Amino acid sequence: MPAPKVTIPVKGKTKKEIFSEMETFRENDVPWQDGRAFSLVFYPGEEVNPTAFPSLRKMETEVVSMAAGLMKGDDQVVGNMTSGGTESILLAVKTAREYFTTKHPDIQEPEMVLPVTAHPAFEKAAYYFNVKPIHIPVQEDKRADPVKMQEAITDNTILMVGSAPAYPHGVIDPLSELGKIARDNDLLLHVDACVGGFMLPFVEKAGYELPPFGFDVPGVTSISMDAHKYGYSAKGASVILYRHPGIRRSQFFVYTDWPGGIYASPTISGTKPGGSIAATWAVLNYLGEKGYTRIAKQVMRTTKRFQKGINAIDGVYVIGDPDMSIMGLTSDQYDIFAIGDEMSKKGWHMDRQQFPDSLHLTISRPHKKMVNKFLADLQEAVAKAKKLNWTNLSSRLTVKMVQGFSRVLPEKIFSKLMNNAQKLGGANISGRSAALYGITGSIPNRGGIKEMVVKMMDEMMRVEDKKK
Ligand SMILES: *Cc1c(COP(=O)(O)O)cnc(C)c1O
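Here the structure is a predicted model, which means the values were calculated and not measured.

Just to check I follow, could you spell out the overall build of the chain for this structure?
Along the backbone of the chain there are 15 helices and 15 strands. Taken over 468 residues, the chain has a buried fraction of 51%. The contacts in the chain between residues at least 6 apart in sequence include a share of 72% that link residues at least 24 apart. Total accessible area on the chain is roughly 23700 Å²; 54% of this is exposed by carbon and sulfur atoms.

What is the right way to look at the sheet that holds strand E14 (residues 351-353) in this model?
Spatially, four strands are ordered E12-E13-E15-E14 in an open sheet, and the strand pairing comes out antiparallel. Pairing within the sheet leaves two strands with one partner each, and these edge strands are strand E12 (317-318) and E14. Where E12 lies against strand E13 (residues 326-330), two bridges are found, and the strand directions are antiparallel. Across the sheet, residue Tyr-317 finds its bridge partner in E13, namely Thr-330.

Looking at this model, I keep getting lost on the sheet that holds strand E8 (residues 238-242). Mind explaining?
Strands pair in a sheet through their backbones, by hydrogen bonds, and they do so in one of two ways: parallel or antiparallel. Spatially, the seven strands line up as an open sheet ordered E2-E8-E7-E6-E5-E3-E4, and their pairing is mixed. One side of each edge strand has no neighbouring strand; the edge strands of this open sheet are strand E2 (78-82) and strand E4 (132-136). Going from strand to strand, the sheet's axes swing by 20 degrees on average, the running direction of each strand aside. Lying on the sheet, helix H2 (residues 54-70) is in contact with E2, strand E7 (222-226) and E8; it crosses E2 at an angle near 115 degrees.

What should I look at first to understand helix H4 (residues 120-129) in this one?
Given 3.6 residues to a turn, an α-helix orients residues that are three or four positions apart in the same direction. Within H4, burial applies to Ala-121, Phe-122, Ala-125, Ala-126 and Phe-129. The arc that holds the buried residues of H4, viewed along the axis, is 145 degrees, so those residues lie on one side. Residues of H4 that are exposed and point over 90 degrees away from its buried face: Pro-120 and Tyr-127. Packing partners of the buried residues in H4 comprise helix H3 (85-103), strand E3 (111-115), E4, strand E5 (157-163) and strand E6 (188-192).

What exactly am I supposed to notice about the site of the ligand here?
Taken together, 13 residues surround the ligand, and among them Gly-85, Thr-86, Asp-192, His-228 and Lys-229 come closest. Between Asp-226 and the ligand, the recorded distance is 3.3 Å, taken from a side-chain N or O atom to an oxygen atom. Within the contact set of the ligand, an oxygen atom lies 2.8 Å away from a side-chain nitrogen or oxygen of His-228. Out of a free accessible area of 380 Å², the ligand has 84% covered by protein chains. If one sorts the elements of the shell around the ligand by residue count, H3 sits on top with three residues. Taken together, the residues of the shell around the ligand sort by class into five nonpolar, five polar and three charged.

How should I be thinking about the packing of helix H9 (residues 275-312) against helix H11 (residues 371-387) in this particular structure?
Two packed helices can be described by the angle between their axes and the distance between those axes. Taken N-terminus to C-terminus, the directions of H9 and H11 make an angle of 20 degrees; their axes are 10 Å apart at the nearest point. Relative to H11, H9 is oriented roughly parallel. At the point where H9 passes H11, the crossing takes the right-handed sense. Where H9 approaches H11, its residues Thr-302, Arg-305, Phe-306, Gly-309 and Ile-310 are matched on the opposing element by Val-371, Asn-372, Phe-374, Leu-375 and Leu-378. Looking at the contact of H9 with H11 residue by residue, the classes come out as six nonpolar, three polar and one charged.

Rules and cut-offs
Residues numbered from 1 in each chain as written. Predicted model: local features only at pLDDT ≥ 70, side-chain atom pairs only at ≥ 80, totals over all residues. Heavy atoms only, no water. Helix = DSSP H or I, 4+ residues; strand = E, 2+ residues; numbered from the N terminus. Buried < 20%, exposed > 50% of the residue type's maximum accessible area, 1.4 Å probe, protein only. Contact = heavy atoms within 4.5 Å. Areas by Shrake-Rupley, 256 points an atom, 1.4 Å probe, with all protein chains shown as cover. Pairing = 2+ DSSP bridges. Axes fitted to C-alpha atoms, helices over the stretch in contact; angles between N-to-C directions. Arc of directions from axis to C-beta. Near = heavy atom within 4 Å. Polar contact = N/O pair within 3.5 Å; in protein donor to acceptor, adjacent residues only side chain to side chain. Nonpolar A, V, L, I, M, F, W, Y, C, P; charged D, E, K, R; others polar. Parallel < 35°, antiparallel > 145°, perpendicular 65-115°, else oblique. Left-handed = near helix turned anticlockwise from the far one by under 90°.

Written out as structure tokens, the structure is:
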């Protein structure tokens, strides 16, 4: 099969070249500034539409083509740009449901089989589109378990999911095995390469050996990859790819009976911003294969230093053997969240994870100069955690609840709570108990964790009260 039509340039282009190329793309766009266009553009503003703006359509299709090339796809691979990984995954699940239930109208309650490490966006998709998620535990090394996933397949299964890599521990699932199972059972297989899609190809080019992750794996039918992560584009940029146009058809939405005209929309959003499309096109052309590979090399070297350094500290270790630059850090001897609290006090921000309790690291370029400082602080934090003693806490139950609660909180929210609690409780209390007092003090009824989180989100997504 021929390669995709446009591939990422080997050598990056200059800014001047990129801007002048973008200028030529614009020549066929609707002249929206001069008052002759009566739709699409609400000037002043950046709202854009690719049917009036061939420049954007061109850039989007070129980004998709470059992405397909990175994922070792051929010229049959098609796709779209979306607002982010979540939208790409929502579409993959919705497309699978439609593609499959059109072929098999007897399936009333479609199911998807996914490892527990798959991103919650699949949960959201299941919830939005009425697909039943079947969660399968992962193996010791945190990679998906093909045997257990195969066993979970029923007559209602439409889709299998693997990650490249999964976010919590940075490991790539055994996609060749999953692909074979998908093919044997005539199922679709989505690979979530949201965090890895714009990194793994260059990690490989930099000389690291990786398990397969792209369309070169038989059985893989769709892939999501986020340009706004290791693609270094502006936020709001992801790509959803399908092995052939026959699958993508099920993604499109068309409504023909509207008085406003025949309405067609390829993705979930209607009007979509052009800024992130242009930014992605520009950064891919600017860095080129060489630029991305150079950065990937640096990031991977830094990652290996973190990994080795953490594993050299007695009492903590990196979970499994990450394939890329994200990892989970845990401890069998000490409370890893207490270590996390100590690290927060020293100004480090790491998200908290569960099953097992752990801290999460996403490594990128600026971390290079921080490795030694981080490891020294971690060593101290571990030493401090050894001494911590929780017997002075009045209620074991409250501790349990807050432990559960703190787990699900991103670092930013957690530290915000801690700050509030510190104000309430004075300066002497340690990080964890500070959070504990703060949280339990502000929640009168002790419902489930989910309810607490929902309530907190509601409060956070409002204009703050004026300080009295
Ligand atoms: C970030 C991420 C997502 C979700 O992407 P958003 O851009 O946050 O919507 C999905 N899967 C993985 C593995 C991710 O890292």
